[in-house]
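Residues per chain are reported as follows:
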Amino acid sequence: MAKSSAFSFILVAIGGAAVGFLAAQAIPLTREEALTLQAEDAEKPQPAQATASLGRLSLGERLRGEITSASELNGNDGSRFMRYALSLNEGEIVEISLGGSLQGVVALYDAQLQLLNSGPTVRHRIEESGDYVVAVSGADAHSYGPFTVDSRTVELTDSDTLAVGERLDSWLQESSRDIMLSIEEAGFYQLEMRSDDFDAYLEITGPNGYAREDDDSAGDLNARIADFLEPGEYTLTARSAYGDGNGVYTLSIDPHELPGENELRNEGALIPGETLNGWYSGTPLTYQLEVTESSLVTLEMRSADFDTFIEMSGQGVAASDDDGAGGTDSRLQERLLPGVYTVSAQGFSASASGIFELSVSMQPTDIPPEL
């Protein structure tokens, strides 16, 4: 549980008497100032007394309310807020989410009125049984309106094994966790690790020195590994990107369907007007492109599995692109003289993997290339 420094205080609104409750900012003080405030603080209501005057919020029940100009004022930013007491038990993982038309956040404070978490949805593992404070705040001084607060205890499936087609919900506490995965049939699979609480990072190791890892390929700080897996026993390591995250995460593995009816082609000639599917797994794939007359050539590489990166070289040309097609997809557009060019399809990160689409189009042009 968080503890305050001897030389700083958290300004909280106890009974509406103080400002800055929602911000819960630590204010550095001199020793003399701290001693003075400690003496003054001794005469104020204690946290247990403060929560006794609040409305109650019960786990599993929807609470409805409304932020108006009469709601309590946060003196830091002019926003309005409402507070509720919530009884929680040690070891519970609680999820509290804000809904309704109000643009705002929900915050959870412990028994000492220290901020534990805040956002549209918060999750937290409870370390000590007792009363906690839930605060609902408008996003700014102009945010008013009705809201709902939903709360629940998150039920975790803390198994040490994962099977194809299954989903595992677990809790990460500033460390990594290993989960065993058994693959019975060779094929393409997609593994995902998702969390609303921290930056997910996923690693997998397996037979014959196989090793992959990923940070953000699933978007929104979620991890995805899409790859061909041989039969055997694998180890999945779930962690946060910087080793300091904690919260709920979901881990899943499913067969990876190939797009359309195209077969995978990881080498060979590129044919203008056609789209091929390839499989990237850490090693750049090279293709040949023949240009028979001066042309404006457009290459596009797209993938739902990873951040693509494309390169082209030959006849004095060297060009590359990362996100030119929007999002994490790539596009190269060059005026080229007749000749044979080499196209390299890869991931922006060497640890990426998955299925991609590669297409090329040509438009004859009299405008010479800039060499």
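These figures come from a predicted structure and were not determined experimentally.

A. Representation of the overall build of the chain in the model. When its secondary structure is counted, the chain shows two helices and 30 strands. The 371 residues of the chain split such that 43% are buried. By sequence separation, contacts in the chain at least 24 residues apart represent 72% of the contacts at least 6 residues apart. For the chain, the exposed surface amounts to about 18,500 Å²; the carbon and sulfur share of it is 47%.

B. The pattern of salt bridges, seen in detail. Across all of its chains, the model carries 16 salt bridges by this definition. Taking the shortest distance from any N to any O, the salt bridge between arginine 167 and aspartate 169 comes out at 3.4 Å. We classify arginine 167 as exposed; its relative accessible area is 58%. A relative accessible area of 18% places aspartate 169 in the buried class. Through salt bridges that share partners, Glu95, Arg123, Arg152, Asp196 and Asp197 make up one connected network.

C. How the structure looks around the pairing of strand E17 (residues 200-205). Alignment of E17 against strand E20 (residues 232-240), held across six bridges, turns out to be antiparallel. Counted as the bridge partner of threonine 205 is threonine 235 from E20. Between E17 and strand E18 (residues 211-214), which follow one another and run antiparallel, lie five residues, and asparagine 208 among them has a positive phi close to 60°.

D. Region of interest: the nonpolar core. Ranked by size, the top nonpolar core spans 24 residues in total, and within it Leu270, Tyr287, Leu299, Phe356 and Leu358 carry the most contacts. Secondary structure elements with two or more residues in this core: strand E23 (275-280), strand E24 (285-291), strand E25 (295-302), strand E26 (308-314), strand E27 (317-321), strand E28 (330-336), strand E29 (339-347) and strand E30 (354-364). When residues in this core are grouped by element, the largest group, four residues, is from E24. Grouped together as the second largest cluster of nonpolar side chains are 23 residues, Ile179, Met193, Ile204 and Tyr210 included.

E. Looking closely at the sheet that holds E18. Spatially, E13-E15-E20-E17-E18 is the arrangement adopted by the five strands of the open sheet, whose pairing is mixed. Of all strands in the sheet, those with a lone pairing partner are strand E13 (161-162) and E18, marking the two edges.

F. Examining the environment of threonine 161 more closely. Mapped onto the elements of the fold, threonine 161 is located in strand E13. Overall, the relative accessible area of 46% leaves threonine 161 in the partly exposed class. Along the sequence, threonine 161 and aspartate 178 sit 17 residues apart, while their C-alpha atoms lie 8.9 Å from each other. Once you skip the residues sitting within four places of it in the chain, threonine 161 turns out to touch Leu168, Ile179 and Met180.

Definitions and cut-offs
Residues numbered from 1 in each chain as written. Predicted model: local features only at pLDDT ≥ 70, side-chain atom pairs only at ≥ 80, totals over all residues. Heavy atoms only, no water. Helix = DSSP H or I, 4+ residues; strand = E, 2+ residues; numbered from the N terminus. Buried < 20%, exposed > 50% of the residue type's maximum accessible area, 1.4 Å probe, protein only. Contact = heavy atoms within 4.5 Å. Areas by Shrake-Rupley, 256 points an atom, 1.4 Å probe, with all protein chains shown as cover. Salt bridge = Lys/Arg side-chain N within 4 Å of Asp/Glu carboxyl O. Pairing = 2+ DSSP bridges. Core = buried A, V, L, I, M, F, W, Y, C linked by side-chain atoms within 4.5 Å.

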